[in-house]
Amino acid sequence: GENVEQHPSTLSVQEGDSAVIKCTYSDSASNYFPWYKQELGKGPQLIIDIRSNVGEKKDQRIAVTLNKTAKHFSLHITETQPEDSAVYFCAAGLGGTPLVFGKGTRLSVIA
Amino acid sequence: EAQVTQNPRYLITVTGKKLTVTCSQNMNHEYMSWYRQDPGLGLRQIYYSMNVEVTDKGDVPEGYKVSRKEKRNFPLILESPSPNQTSLYFCASSFGTGGVYEQYFGPGTRLTVT
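Our subject in this report is the structure included herewith. Please read all numbers here as calculations on a predicted model, not as lab measurements.

A few words now on the sheet that holds strand β8 (residues 76-78) of chain B. All names here are of chain B. Spatially, β1-β3-β8-β7 is the arrangement adopted by the 4 strands of the open sheet, whose pairing is antiparallel. Single-partner strands in this sheet number two, and they are β1 (4-7) and β7 (65-66). Pairing of β1 with strand β3 (residues 19-25), which is carried by 4 bridges, proceeds in the antiparallel orientation. When the bridges of β3 are listed, valine 4 appears paired with glutamine 25.

Here's what the structure looks like:
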């Protein structure tokens, strides 16, 4: 089955700097790669996703890149702000099977 | 408002006392799932359901039961809770078969078993 590895487990950045979180997956058939943000006391919420026919996707300050050959994908957050502080989860999925999540990255943005 | 609701939000119980955590969604989603979240272990899937009357084990199903008698509800049952089931539990739902669609998560249920 699918296995998703996520790094780093914790990340601290200064406000205004960029943050990058990386994930690798094992099943080359996976074709859906979402990123979730979990704020304190809440359930995870989708912030951006990418499908395997696309190499990069941007939404304002966040972007996701996908390298299917190497089986890895990354989340990039630019101009970080204190409200970006949260736990971020990557996941990989394939139609008909459940999403598999990484273990999460705790991002702290220091003002 | 489209949402997934869970009840209760907090629960403290004793070993062996049966409990049920309810989950309901109002989005007419086919797919529903239960996860537990523990420090350093991320989100681990307990059970999932592709549709009414269809349920499957996830990665950590031992000690849990589920049922899907109606599309909107997916309760999680702990027949005889043990301290190692102390955790934060999330219910989620999505369109289709779940693997390629956005999952909507509930607010979580923090369970403590003493």
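Picking up after the structure, the text goes on.
Roughly 710 Å³ of internal volume is contained in the largest pocket. Taken together, 34 residues line the largest pocket, and the ones lying closest to its centre are Gln38, Val87 and Arg106 of chain A together with Gln37 and Leu88 of chain B. Of all the secondary-structure elements, those providing two or more residues to the lining of the largest pocket are β9 (86-92) and β11 (105-110) of chain A together with β4 (31-38), β9 (87-94) and β11 (109-113) of chain B. Among the elements that line the lining of the largest pocket, the one with the most residues is β11 of chain A, at 4 residues. When the residues that make up the lining of the largest pocket are grouped by side-chain class, the tally is 11 nonpolar, 16 polar and 7 charged.

Turning to the sheet that holds strand β7 (residues 62-67) of chain A, a few remarks are in order. All names here are of chain A. Spatially, 5 strands are ordered β1-β3-β8-β7-β6 in an open sheet, and the strand pairing comes out antiparallel. On the outer flanks of this sheet lie β1 (4-7) and β6 (56-59), each paired with one strand and no other. Within this sheet the neighbouring strands show an average axis-to-axis angle of 15°, counted without direction. In terms of strand pairing, β6 meets β7 through 4 bridges, oriented antiparallel.

Here is what the cut-offs are and how they apply
- Every chain is numbered independently, its residues counted from 1 as its sequence is written.
- Each chain takes a letter, starting from A, and each ligand takes a number, starting from 1, following the order in which they are written.
- Since the coordinates come from a predicted model, pLDDT governs what is reported: local features require at least 70, and pairs of side-chain atoms require 80 or more to be given and counted, while whole-chain, interface and lining totals use all residues.
- The side-chain numbers reported here are obtained from all heavy atoms of the structure, hydrogens and water having been left aside.
- Two strands are said to pair when DSSP picks up at least two bridges between them.
- Secondary structure counts use DSSP, requiring at least four H or I residues in a row for a helix and at least two E residues in a row for a strand, with both numbered from the N terminus.
- A 1.4 Å probe that fits but cannot get out identifies a cavity on a 1 Å grid over protein atoms alone, an open set with protein on both sides within 12 Å along at least five of seven lines counts as a pocket, and a residue lines either if it has an atom within 4 Å of a point.
- Grid points are joined across faces, edges and corners, and a volume is the space filled by probe spheres set on the points.
- Residues are grouped as follows: Ala, Val, Leu, Ile, Met, Phe, Trp, Tyr, Cys and Pro are nonpolar; Asp, Glu, Lys and Arg are charged; every other residue, Gly included, is polar.
- Axis angles are defined between N-to-C directions and span 0 to 180 degrees, where every axis is a line fitted to C-alpha atoms and, for a helix, only to the segment in contact.

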